[in-house]
Amino acid sequence: GLVTFPRISPAIIVLVERGNEILLARSPRFKKDFYSVLAGFVEPGETLEDTVKREVREETGIEVTDITYFGSQPWPFPDSLMIGFTATYAGGTVTTDAKEIITAGWFDYRTLPPVPSAISIARRLIDAFILRKGGCVR
């Protein structure tokens, strides 16, 4: 008869697009030459959309607009939930602090580096972008 409400730690994940390109980044914990879309935890009092703007700005110096919900996925940590979005580049130059993100840049959907596997929401975001542009997913 015990009712519990487990703590959930929401995090956003976002694919930022600019024409035929997407913004991808490398974390120090990634294997060599592996890139993914940006992600980060929601802070108390923040909307999901505000988190998208803050995380993209903090991690890459880029401003975004047209933030749109994409989908969600439980994350491998027992209390995390990834909430996926797409966003459009609105301005700025890619810069990183080399701590959280080693490098980031724009990649044409036809010539992407190694990216996450199909089981992840990161890859679902990437594949949906490729299909929307008329490309084929691998």
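Rules and cut-offs
Residues numbered from 1 in each chain as written. Predicted model: local features only at pLDDT ≥ 70, side-chain atom pairs only at ≥ 80, totals over all residues. Heavy atoms only, no water. 1 Å grid on protein atoms, 1.4 Å probe; cavity = no way out; pocket = protein on both sides within 12 Å on 5 of 7 lines; lining within 4 Å. Points joined across faces, edges and corners; volume = space filled by probe spheres on them. Helix = DSSP H or I, 4+ residues; strand = E, 2+ residues; numbered from the N terminus. Salt bridge = Lys/Arg side-chain N within 4 Å of Asp/Glu carboxyl O. Buried < 20%, exposed > 50% of the residue type's maximum accessible area, 1.4 Å probe, protein only. Lys, Arg positive; Asp, Glu negative; His and termini not counted. Contact = heavy atoms within 4.5 Å. Expected span 1.5 Å × (residues − 1). Phe/Tyr/Trp six-rings, centres within 6.5 Å; stacked < 30°, edge-to-face > 60°. Lys NZ or Arg CZ within 6 Å of the ring centre and 35° of its normal. Pairing = 2+ DSSP bridges.

Undergrad: Go over the layout of surface pockets with me, naming the residues and quoting the values.
TA: If a probe the size of a water molecule is rolled over the atoms, the empty space left behind becomes visible. Reported here for the largest pocket is a volume of approximately 570 Å³. Lining the largest pocket are 25 residues, and of these Arg-29, Phe-30, Ala-39, Trp-75 and Met-82 sit closest to its centre. Only β1 (9-18), β2 (21-26), β3 (38-41), α1 (48-60) and β5 (80-91) provide two or more residues apiece to the lining of the largest pocket. By residue number, the principal contributor to the lining of the largest pocket is β3, which donates 4 residues.

Undergrad: Tell me about the pattern of salt bridges, and name the residues and values.
TA: All told, the structure shown has 9 salt bridges when counted by the stated rule. Among the ionic pairs, Glu-21 bridges to Arg-18, the shortest N-O distance being 2.7 Å. In this structure, the salt-bridge partner of Glu-43 is Arg-54, at a minimum N-O distance of 3.6 Å. Taken together, the residues Glu-43 in the loop between β3 and α1 and Arg-54 in helix α1 connect sequence positions 11 residues apart. We classify Arg-54 as buried; its relative accessible area is 10%. Linked by salt bridges that have partners in common, Glu-43, Glu-46, Arg-54, Glu-55 and Glu-58 make up one network.

Undergrad: Describe the side chain of Glu-59, listing the residues and the values that go with them.
TA: You can see Glu-59 is positioned in helix α1. There is no salt bridge for the buried Glu-59, and the closest opposite charge comes from Arg-54, which lies 7.2 Å off by N-O distance. If near-sequence neighbours (up to four positions away) are discounted, Glu-59 is found in contact with Leu-38, Ala-39, Thr-95, Thr-96, Glu-100 and Ile-101.

Undergrad: Account for helix α2 (residues 121-132), naming residues and giving values.
TA: Helix length check: α2, at 12 residues, gives a terminal C-alpha distance of 16 Å against a target of 16 Å (1.5 Å per residue), a fit within 8%. Those residues of α2 that are buried lie in contact with β1, β2, β4 (63-74) and β5. Phi turns positive one or two residues past the end of α2, at Gly-134, with a value near 90 degrees.

Undergrad: Summarise the packing of aromatic side chains; cite the residues concerned and give the values.
TA: Evaluation of the coordinates by the stated rule reveals 5 aromatic pairs. Ring geometry for Tyr-69 against Phe-85: centres 6.0 Å apart, planes inclined by 80 degrees, an arrangement best described as edge-to-face. Of this pair, Tyr-69 sits in strand β4 while Phe-85 sits in strand β5, placing them 16 residues apart in sequence. When the centroid spacing of 6.3 Å and the interplanar angle of 80 degrees are considered together, the rings of Tyr-109 and Phe-129 count as edge-to-face. One end of the pair, Tyr-109, is in the loop between β6 (103-108) and α2; the other, Phe-129, is in helix α2, with 20 residues separating them in the sequence. Take Tyr-109: its relative accessible area is 12%, and that puts it in the buried class. Over the aromatic face of Tyr-89 sits the side chain of Arg-18, whose NZ or CZ is 5.4 Å from the ring centroid.

Undergrad: How would you sum up the pairing of β3? Please name residues and give values.
TA: What you see with β3 is a clean split: Leu-38 and Gly-40 sit on the buried side and Ala-39 and Phe-41 on the side with no burial. Sheet topology note: the β1/β3 ladder contains 4 bridges and is antiparallel. By the bridge assignment, Ile-12 is partnered in β3 with Gly-40.

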